[in-house]
Every structure is written in structure tokens, then in C-alpha cells.
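Each chain, written out:
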Amino acid sequence: MQQSPQRARRTRCFLALAGLCLAVAWQAAAQDTQAGAAQTGHAPSSAAPEIQPPPPEAPVPPALEPFFASYEAHHRGKPAGNASMQLSRNDDGRWRIDLSIRGDRGIAGATRLKIEQSTVFDEAGSQYRPLSQGTVRKALLFDQRATGTYDWSKMQAHWDGKVKKERRAPVELHAGDMSALLLNLAIMRDARPGATLNYRMVDVGRARDHTYQVAEEPEIMAVGDMSYDALRVARTDKPGDETVLWVASGVPTPIRILQRKDGEDEIDLRLVEYRGV
């Protein structure tokens, strides 16, 4: 059975959901001032240096807590399925984050789309450090599986399984590198009004720099019967193509994750509910 070119293109487009889900901490800039010199009519004298207050300290991010969140998935404005994101702690003290997406309507339902991705990680100081990763992408005509290992002793990451030939070579690791799923947690941790967030993602055999801009002011976002003041956090790949997340204080996962292509809404995950576990 062969997909039509249009259906195949839409299926590949919907697979971009795995890349959404989706550490350089936010830095505050402080300006230095210099006291001027005052002169008298007869001999020069220096004014006492102006005492500057200490720069404000960045707020301490909350500690990680396990949670489970469910989302509605939309494709080009139409319901396409559902998704869930879960953060759990293993018995060995390491953490695991999982994303599951299932298509049950529209093109995603017709192709029986299923995407699962997970990352096991630990905390190295203020950084979320990936240790292993797994990705499964299934649909009517394909089944792709890949596993990744982040070896911090050798500062290398490599992937096995259904991976393109050019992505099978080891990738050099840098301090602060994260997987795609860990970017969500880092953004929740780092988002501050007006901040610029810089990250390096190492995932499925390649490394990419990601820069996000946080809005100056929050906007109201509805989740069920409740409304939240949420900050818009956006990354622009090229004009018309961007990934946008909305994050709210006290909510451990994004309120909404949106991918736009050519200026139009393409993939949209909308939070339904979340709970601690």
C-alpha cells in the first residue's frame, strides 16, 4: 500500500512533533558606573565613589518534581490525537522524561501514527545531563527505532538503530548539552521576562544550537476551566517558521507547544491537565 504524495508529506510534517519535545542558564546583565572627578577653583579633588547596590540575584529555580501531563494534539488547526509527558525518578536517583504521541484522527489517525521518546538523565550542578535516549516512530508503512548513549567520560554521544548513515558517527559533547526533551525542562527552569535562552541540543546523531527569546510580559492562557499568566518563549528558524512554548509559574510543563511553518499553525500541543505523581 502506497501513500499519496500529499498524505506522505503530511505524515512527515506531523512527525515534527517529536522534535518539539522540544544548559545555558539565564544571565542578568549589570551595568558598571564610574564616578566623575570634581575640581575646585584651586586644586583638583576627586568625588567619593558612588556606592552601587549589589545586583539582584537570579531567583532559585524550583527543584524537579515528578509529574504527568496530558495534551490534545492538533494539526493545522484540526484535532489529530493526544499526547502525554511524564517526569519520573528512578530507584537509582536518576530521572526519566517520556513523551508519547498517538494519532487517532485525520491523517495521523489514518496512518496510525505513534511516537515515543524518552531520556534518562541526572543533574550535574544546575545542568540536566542526558545519559541515554530512545526514540520510536511508528505508522502504517514504517517502524523506526533508535537508541542513543551519552558518554560523559569520553565526551561523546552515539546512536544505534534506524539512524541515517551520516548521523551514526559519534558526536562530540560539550558541557550543558541536552536532548530535545530536556530542552522543555530547561526552558521551564530558565524562562524570565525578556531573557534570551541559549542551548545546544544533541539528539539522534546531530548537534544544533537553539536560541529562544522570552516575552517581556505574560499573556493569559486557558487550560480547561482555569487561566494562567504564561510567558511566551519563541525560537525562529527562518521567517515564518518558529517554535513557540508558553510557560506558567507553578506549572511543571509547557501550557502549549506550537510549531508554525510558512506563517501558519502546523503542529499544536495544548495542555489538558497535569498532576504530581
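Residues numbered from 1 in each chain as written. Predicted model: local features only at pLDDT ≥ 70, side-chain atom pairs only at ≥ 80, totals over all residues. Heavy atoms only, no water.

**Student:** In this structure, what is going on with the overall build of the protein? I would like to understand it.
**Tutor:** Scanning the protein from terminus to terminus reveals four helices and 17 strands. The burial tally for the protein puts 42% of its 277 residues in the buried class. Accessible area for the protein stands at about 15,500 Å²; split by element, carbon and sulfur atoms hold 48% of it. (Helix = DSSP H or I, 4+ residues; strand = E, 2+ residues; numbered from the N terminus. Buried < 20%, exposed > 50% of the residue type's maximum accessible area, 1.4 Å probe, protein only. Areas by Shrake-Rupley, 256 points an atom, 1.4 Å probe, with all protein chains shown as cover.)

**Student:** Would you take a moment to explain the pattern of salt bridges for this structure?
**Tutor:** A side chain of one charge can pair with a side chain of the opposite charge if their charged atoms are brought near each other. Throughout the structure, instances matching the rule amount to 17 salt bridges. Here Glu266 and Arg76 are joined by a salt bridge, their closest N and O atoms 3.5 Å apart. Taken as a pair, Glu266 in strand 17 (residues 264-276) and Arg76 in the loop between strand 3 (67-75) and strand 4 (78-89) lie far apart in primary sequence, 190 residues in all. In this structure, Arg260 engages Asp265 in a salt bridge whose closest nitrogen and oxygen atoms are separated by 2.8 Å. Classification of Asp265 by relative accessible area gives partly exposed; the value is 31%. Through salt bridges with shared partners, one network takes in Arg232, Glu242, Arg256, Arg260, Asp265, Asp268 and Arg270. (Salt bridge = Lys/Arg side-chain N within 4 Å of Asp/Glu carboxyl O.)

**Student:** I'm lost on the environment of Gly240 in this one. Help?
**Tutor:** Within the secondary structure layout, Gly240 lies in the loop between strand 14 (226-238) and strand 15 (241-248). Relative accessible area serves as the criterion here: at 33%, Gly240 is assigned to the partly exposed category. Residues Gly240 and Asp262, 22 residues apart in the sequence, show an inter-C-alpha distance of 4.4 Å.

**Student:** Explain the pairing of strand 7 (residues 127-139) to me, please; I cannot follow it from the model alone.
**Tutor:** Within a regular beta strand, the side chains point alternately toward one face of the sheet and then the other, so they alternate between its two faces. Looking at chain direction, strand 6 (residues 114-124) and strand 7 are connected through 11 bridges and run antiparallel. Residue pairing across strands places Ser118 opposite Gly134, the latter belonging to strand 7. In this structure, the hairpin formed by strand 6 and strand 7 is closed by a connection of two residues, where Gly125 is found at a positive phi of approximately 70°. Sheet topology note: the strand 7/strand 8 (residues 142-151) ladder contains eight bridges and is antiparallel. When the bridges of strand 8 are listed, Gln133 appears paired with Gly148. Here strand 7 folds back onto strand 8 in antiparallel fashion, the turn holding two residues. (Pairing = 2+ DSSP bridges.)

**Student:** It is not clear to me how the packing of aromatic side chains should be interpreted in this structure. Could you clarify?
**Tutor:** Each aromatic ring pair is characterised by the separation of its centres together with the angle its planes make. The tally for this structure, following the rule as stated, stands at three aromatic pairs. Residues Tyr150 and Trp159 carry aromatic rings whose centres are separated by 5.4 Å and whose planes lie at 80° to one another, so their mutual orientation is edge-to-face. Here Tyr150 and Trp159 have matching classes, each one buried. A cation over an aromatic ring shows up here: Arg189 above the ring of Tyr128, its NZ or CZ 4.6 Å from the ring centre. (Phe/Tyr/Trp six-rings, centres within 6.5 Å; stacked < 30°, edge-to-face > 60°. Lys NZ or Arg CZ within 6 Å of the ring centre and 35° of its normal.)

**Student:** Explanation requested: the environment of Pro130 in the structure shown.
**Tutor:** Among the structural elements, Pro130 can be located in strand 7. Residues Pro130 and Gly148, spaced 18 residues apart in sequence, show a C-alpha to C-alpha distance of 9.7 Å. Leave out the neighbours within four places in its chain, and Pro130 touches Thr119, Val120, Phe121, Tyr150, Trp152, Asp177, Met178, Ser179 and Leu182. (Contact = heavy atoms within 4.5 Å.)

**Student:** Can you walk me through the pairing of strand 8 in this structure?
**Tutor:** Note that strand 8 and strand 9 (residues 156-161) share six bridges and pair antiparallel. When the bridges of strand 9 are listed, Thr147 appears paired with Asp160. Remark: four residues form the turn of the hairpin made by strand 8 and strand 9, two consecutive strands paired antiparallel; Met155 in that turn has positive phi of roughly 55°.

**Student:** Explanation requested: the layout of surface pockets in the structure shown.
**Tutor:** The probe, sized like a water molecule, is rolled over the atoms to show the empty space still left. Counted as a void, the second largest pocket has a volume near 530 Å³. Considering the residues around the second largest pocket, the lining is formed by 24 residues, among which Pro62, Met188, Ala248, Gly250 and Val251 are closest to the centre. Those elements giving two or more residues to the lining of the second largest pocket turn out to be helix 4 (182-190), strand 14 and strand 15. Ranked by residue count, the leading element in the lining of the second largest pocket is helix 4, at three residues. In the lining of the second largest pocket, the residues fall into 18 nonpolar, two polar and four charged. (1 Å grid on protein atoms, 1.4 Å probe; cavity = no way out; pocket = protein on both sides within 12 Å on 5 of 7 lines; lining within 4 Å. Points joined across faces, edges and corners; volume = space filled by probe spheres on them. Nonpolar A, V, L, I, M, F, W, Y, C, P; charged D, E, K, R; others polar.)

**Student:** What is the right way to read the confidence of the model for the protein from this model?
**Tutor:** Caution is warranted with low-pLDDT regions, since their predicted coordinates should not be read in detail. Mean pLDDT over the protein stands at 82; residues scoring 70 or higher make up 78%. Ignoring residues within four places in sequence, the model shows residues 1-5, a span with pLDDT below 50, making seven contacts including any to other chains. Contacts for the low-pLDDT stretch residues 7-46, under 50 throughout, to residues beyond four places or in other chains number 85 contacts. (pLDDT = per-residue confidence, 0-100.)

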